[in-house]
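# Descriptive structure summary
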Amino acid sequence: MDAIQEGQNWLDQQMMRIALAEAERALDAEDVPVGAVVVREGRVIGRGCNQREALQDPTAHAEMIALTAAAAEVRSWRLEGCTLYVTLEPCTMCAGAIVLARIDRLVFGADDPKAGACGSVYNIIEDGRLNHRPQMTTGVLAAECGDLLRAFFAEQRARGKK
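Predicted model, so just to flag it, every value in this text is computed and none were measured. (Residues numbered from 1 in each chain as written. Predicted model: local features only at pLDDT ≥ 70, side-chain atom pairs only at ≥ 80, totals over all residues. Heavy atoms only, no water.)

Before going further, it helps to examine helix α4 (residues 92-100). Listed as buried for α4 are C94, A95, A97, I98 and V99. The first or second residue beyond α4 is R102, which carries a positive phi of 65°. (Buried < 20%, exposed > 50% of the residue type's maximum accessible area, 1.4 Å probe, protein only. Helix = DSSP H or I, 4+ residues; strand = E, 2+ residues; numbered from the N terminus.)

Turning our eyes to something else, we now look at the layout of surface pockets. Considered as a void within the structure, the largest pocket measures approximately 620 Å³ in volume. Counting residues per element, the lining of the largest pocket draws most heavily on helix α5 (residues 142-158), at six residues. Taken together, the residues of the lining of the largest pocket break down into eleven nonpolar, three polar and eight charged. (1 Å grid on protein atoms, 1.4 Å probe; cavity = no way out; pocket = protein on both sides within 12 Å on 5 of 7 lines; lining within 4 Å. Points joined across faces, edges and corners; volume = space filled by probe spheres on them. Nonpolar A, V, L, I, M, F, W, Y, C, P; charged D, E, K, R; others polar.)

Quick look at helix α3 (residues 62-74) now. The end-to-end C-alpha distance of α3 is 18 Å, a good match for the 18 Å that 13 residues give at a rise of 1.5 Å each. Buried within α3 we find A62, E63, A66, L67, A70 and A71. Around the axis of α3, the buried residues are gathered within 155° of arc, so they sit on the same side. For α3, the exposed residues lying more than 90 degrees away from the buried face are T68 and A72. (Expected span 1.5 Å × (residues − 1). Arc of directions from axis to C-beta.)

With that out of the way, let us pick up the packing of helix α1 (residues 3-28) against α5. Pairs of packed helices are described in terms of their axes, by the angle between the two and the distance that separates them. Packing of α1 against α5 brings their axes to within 11 Å, and their N-to-C directions diverge by 10°. Classified by the angle their axes make, α1 and α5 are roughly parallel. Of the residues in α5, those in contact with M16, R17, L20, A23, E24 and L27 of α1 are E144, C145, L148 and F152. Its residues assigned to classes, the contact of α1 with α5 shows seven nonpolar, no polar and three charged. (Axes fitted to C-alpha atoms, helices over the stretch in contact; angles between N-to-C directions. Parallel < 35°, antiparallel > 145°, perpendicular 65-115°, else oblique. Contact = heavy atoms within 4.5 Å.)

As enumerated under the stated definition, the model contains zero disulfides in all. For the unlinked cysteine C94, the closest cysteine sulfur is that of C91, found at 3.8 Å. (Disulfide = S-S within 2.5 Å.)

Let us look at the pairing of strand β4 (residues 105-110). With six of six residues buried, β4 lies mostly within the body of the structure. By the bridge criterion, five bridges tie strand β3 (residues 82-88) to β4 in an arrangement that is parallel. Bridge pairing in β4 places L88 opposite A110. Bridge count between β4 and strand β5 (residues 135-138): four bridges; the pairing is parallel. Note that in β5 the partner of L106 across the bridge is M136. (Pairing = 2+ DSSP bridges.)

Here the focus is the side chain of E22. Here E22 lies in helix α1. Looking at E22, its side chain comes within polar contact range of the side chain of R47, at 3.4 Å. Setting aside anything within four residues of it in sequence, one finds E22 in contact with V34, G35, A36, V37, R47, G48 and C49. (Polar contact = N/O pair within 3.5 Å; in protein donor to acceptor, adjacent residues only side chain to side chain.)

Sheet architecture is open: five strands sit in the order β2-β1-β3-β4-β5, paired in mixed fashion. On the outer flanks of this sheet lie β2 (43-49) and β5, each paired with one strand and no other. The sheet shows a mean angle of 15° between the axes of neighbouring strands, taken without regard to direction. Inspection of the sheet shows strand β1 (residues 35-40) paired to β3 by five bridges, in the antiparallel sense. Bridging from a neighbouring strand, R40 pairs with C82 of β3.

Here we take up the nonpolar core. Nonpolar side chains tend toward joint burial in soluble globular proteins. Core analysis: the largest hydrophobic core is formed by 41 residues, its most contacted members being M16, V38, L67, L84, I103 and L106. When contributions to this core are tallied by element, the ones reaching two or more residues are α1, β1, α3, β3, α4, β4 and α5. Among all residues touching L84, those that are not within four sequence positions of it are A36, V37, V38, E63, A66, I98, I103, R105, L106 and V107. (Core = buried A, V, L, I, M, F, W, Y, C linked by side-chain atoms within 4.5 Å.)

See the structure below:
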């Protein structure tokens with residue numbers, strides 16, 4: 001691995017740790033612990049965590065909130081030059097928003113074998129019929145991201161919730 005790739009891996013891990021901190025915020029609010037950050041030129045310009053329970057909004061996914069915050073920061077819906085870091089593989093809604101926002105690169109931690117739309121169940125991000133295809137890096141801090149989700153759902157099942 002060359003020095004440039006090592007530097008990218010280090011940056012990816014650091015940004016994913018920020019996304020994990022966002023996921024912890026969702027956990028504290030008793031929502032599915034998913035966190036996301038949008039980064040441009042090494043600076044976080046948008047962040048979010050799942051807020052479906054707090055807002056009673058089915059679209060209040062971490063990615064959607066982070067993309068909206070980033071667009072407000074740069075005053076444009078076009079998020080070219082940006083990387084989105086998210087702790088869980090995006091769903092169909094979020095993958096579509098990533099493509100529409102023109103995100104250059106998607107980095108995620110844990111795969112989502114039930115609803116993932118970036119390779120697990122669907123692959124919207126790499127669909128050649130769409131006019132934009134972000135680069136994708138998967139598995140960054142996957143164990144930490146997955147452990148947080150598994151612990152949350154185990155607790156939910158213990159409480160008799162879905």
